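# Structural characterization, general
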Amino acid sequence: MRRSLLFIPSNNPAMLQNADIFGADSIIFDLEDAVNITEKDNARNLLHYYLNAHENLPMEVVVRINGLDTEYYEKDLEKIVSDNIDTIMIPKATIEYVNQLDELLTEIEARKQMSKKIKVLPIIELAYSVLQVETIASLNRVDGILLGAEDLTSDMEVTRTKEGLEIEYPRARVAMACKAYKIDAIDTPFTDVTDNNALKVDALHAMQLGMNCKAAIHPNQLDTINEVFMPSEKQIIWASRVMKANEDANAKGLGVFSLDGKMVDKPVLDRARKILAKAKKFGAI
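A few points on the structure. Counting restarts for each chain: residues are numbered from 1 in the order of the written sequence. Owing to the predicted nature of the model, reporting of local features is limited to residues with pLDDT of at least 70; listing and counting of side-chain atom pairs is limited to 80 or more, with chain, interface and lining totals taken over all residues. The basis for every side-chain value is the complete set of non-hydrogen atoms in the structure, without hydrogens or water.

## Some thoughts on the overall build of the chain
What the chain contains, in helices and strands, is 12 helices and 10 strands. Each radius of gyration reported is based on C-alpha atoms, and the globular scaling rule is 2.2 Å times the count of residues to the power 0.38. For 285 residues, the compact-globule estimate of 2.2 N^0.38 gives 19 Å, and the C-alpha radius of gyration of the chain, at 20 Å, lies within 12% of that figure. Projected onto its principal axes, the C-alpha positions of the chain cover 65 × 45 × 35 Å. Per-residue burial for the chain yields a buried fraction of 48% across its 285 residues. The contact criterion used is simple: two residues touch if any of their non-hydrogen atoms lie within 4.5 Å. Taking the contacts inside the chain whose residues are at least 6 apart along the sequence as the reference set, 70% of them involve residues at least 24 apart. The charged-residue count follows a simple rule in which Lys and Arg add positive charge and Asp and Glu add negative charge, with His and chain termini not counted at all. The atoms used to mark charge sites are NZ of Lys, CZ of Arg, CG of Asp and CD of Glu. Distance between charge centroids for the chain: 8 Å, based on 34 positive and 44 negative side chains. The way it works is that DSSP assigns letters per residue, a run of H or I at least four long becomes a helix, a run of E at least two long becomes a strand, and they are numbered from the N terminus. Here the term buried applies to any residue with accessible area under 20% of the maximum for its type, exposed to any over 50%, and partly exposed to those in between, with areas from a 1.4 Å probe on protein chains only.

## Remarks on unusual backbone geometry
One non-glycine residue with positive phi stands out, namely K92, at about 45 degrees. With respect to the helices and strands, K92 occurs in the loop between β4 (87–90) and α4 (95–111). Judged by its relative accessible area of 25%, K92 is partly exposed. Phi is positive for E157, which is not a glycine, with a value near 60 degrees. Here E157 shows up in the loop between α7 (149–156) and α8 (168–180). With a relative accessible area of 73%, E157 lands in the exposed category.

Quick look at the structure:
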């Protein structure tokens, strides 16, 4: 359960040291796009030492490794997979790459005698991957899916815009696949870090399509993202009323009941429970 995920370059010591105070639910320590080829070893080593010195970080620890079509990913995994991380993010994900990553993680976890099973967040950033997204969402370890609009629009040979019409279909398809398998649908970052008003419009639109959290590329985007993806006061009041009405109905032995003239069934109850669980996790109640 997430609202915000913040990318941090793993070769930036200052940002590494402040990772736990930015206010993101998840920090994505980046070994891929944010790190120049000449800095790969340095970034990997810096992150390794940082994680060893900070074993109990208050947020989810995600590491974006280099793609499985590169020469770097094996060193990434060997250096950083440990009980100090929670999740691996895999770029340009395909069914084949996610299954391969699962096998690699299984071997490393056993060899290092780890106490946890590492989760996987695939990034959908190729047209080919969009067509596979339902299967990717169902794979072992997959805990959410991130839409990577910048690379996807490049692959599609279309212009990336603030309005986002060009990503409407993949946004909706990723959200639908994630909802079907009850994992997080993570919206693409908004790249204009100076325009939080447009960010809010973009995040609200993504939420209406079914996204339940959003990635960020700058700490100043987090307050807006967390606000959008936090249950509203109105939602919390409604969900609380639904659960109270359910308790009353159960006490009376009623199988079905209504609230405000509308029948309340299992999907409505599930929705109310999710709202209250998210509100509780992030301190709204």
